[in-house]
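# Understanding the architecture of this molecule
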Amino acid sequence: APVIKHGNLETLRDMTDVRDSAVAIVDLLLLGTPGEVYNLCSGHATPVRSIIELLLQKSTMSGIELEEDPSRLRTFDEKVLLGDNSKLVSLLGWEASTDFSDTVQAVLDYWRAEVAVRYGVDDPRG
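Residues numbered from 1 in each chain as written. Predicted model: local features only at pLDDT ≥ 70, side-chain atom pairs only at ≥ 80, totals over all residues. Heavy atoms only, no water.

## A closer look at the sheet that holds strand β5 (residues 80–81)
Within the open sheet, the three strands sit side by side as β3-β2-β5. Their pairing is mixed. Of all the strands in the sheet, the pair left with one neighbour each is β3 (45–47) and β5. With three bridges connecting them, strand β2 (residues 12–14) and β3 associate as antiparallel partners. Within β3, the residue paired with Arg-13 across the bridge is Thr-46. This element, helix α2 (residues 48–58), spans β2 and β3 of the sheet and lies at about 60° to β3. (Pairing = 2+ DSSP bridges. Helix = DSSP H or I, 4+ residues; strand = E, 2+ residues; numbered from the N terminus. Contact = heavy atoms within 4.5 Å. Axes fitted to C-alpha atoms, helices over the stretch in contact; angles between N-to-C directions.)

Here you go:
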C-alpha cells in the first residue's frame, strides 16, 4: 500500500488560498498605508491532520497509510500559528472566499497533472 510519511499532524495552522491572498495584496498596494503592517491570514486555525484527511478523502487511491517519520518532526514546533487579520478586514473588508476543500482539490489536481507530465502517464495512479 502507498505510504505518506509525515511530521507532526497535531499542530494548527492559519491557511489561505493564494488566489484570495493575491486579491488582498493588490488591494493593499492600492489602499494600504506604506510602511504599515497588515497580517494576510484567514484568522482561522486549521488542524494539519484535517488537511491530510481531506486529501485522503479526495484521493482516487485506496489503502493509503500514514506513517510518522521522526526525521520530519521539529525540535520545537508551535502548536498553533494563528494570525489576526482584523486590520486587513477593517481596511479592505477582505475575507477569504475560497472554500478550503476547493483549495485542497486545486493542489491535488495540480500535482496529478504534474505527475502525468513528468512521468508521461495519462493517469498518475498507474
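Having seen it, we continue.
## Brief notes about helix α1 (residues 18–31)
Counted at 1.5 Å a residue, the expected span for α1 with its 14 residues is 20 Å, and the 19 Å between its end C-alpha atoms agrees. When α1 is considered as a whole, its buried residues turn out to be Asp-20, Ser-21, Ala-24 and Leu-28. The buried residues of α1 occupy an angular sector of 95° when projected down its axis, which confines them to one face. Residues of α1 that are exposed and angled more than 90 degrees away from the buried face: Val-18, Leu-29 and Leu-30. Among the structural elements, α3 (86–92) are those in contact with the buried residues of α1. (Expected span 1.5 Å × (residues − 1). Buried < 20%, exposed > 50% of the residue type's maximum accessible area, 1.4 Å probe, protein only. Arc of directions from axis to C-beta.)

## Structural notes on the side chain of Asp-14
Counting through the fold element by element, Asp-14 comes out in strand β2. One buried charged residue, Asp-14, forms no salt bridge at all, with the nearest opposite charge on Arg-13 at 10 Å. Here Ser-42 takes part through its side chain, which lies 2.6 Å from a polar atom of the side chain of Asp-14. For Asp-14, the side chain forms a polar contact with the main-chain nitrogen of Gly-43, separated by 3.0 Å. (Lys, Arg positive; Asp, Glu negative; His and termini not counted. Salt bridge = Lys/Arg side-chain N within 4 Å of Asp/Glu carboxyl O. Polar contact = N/O pair within 3.5 Å; in protein donor to acceptor, adjacent residues only side chain to side chain.)

So, to be careful, I would describe these as geometric facts and stop short of saying anything about function.
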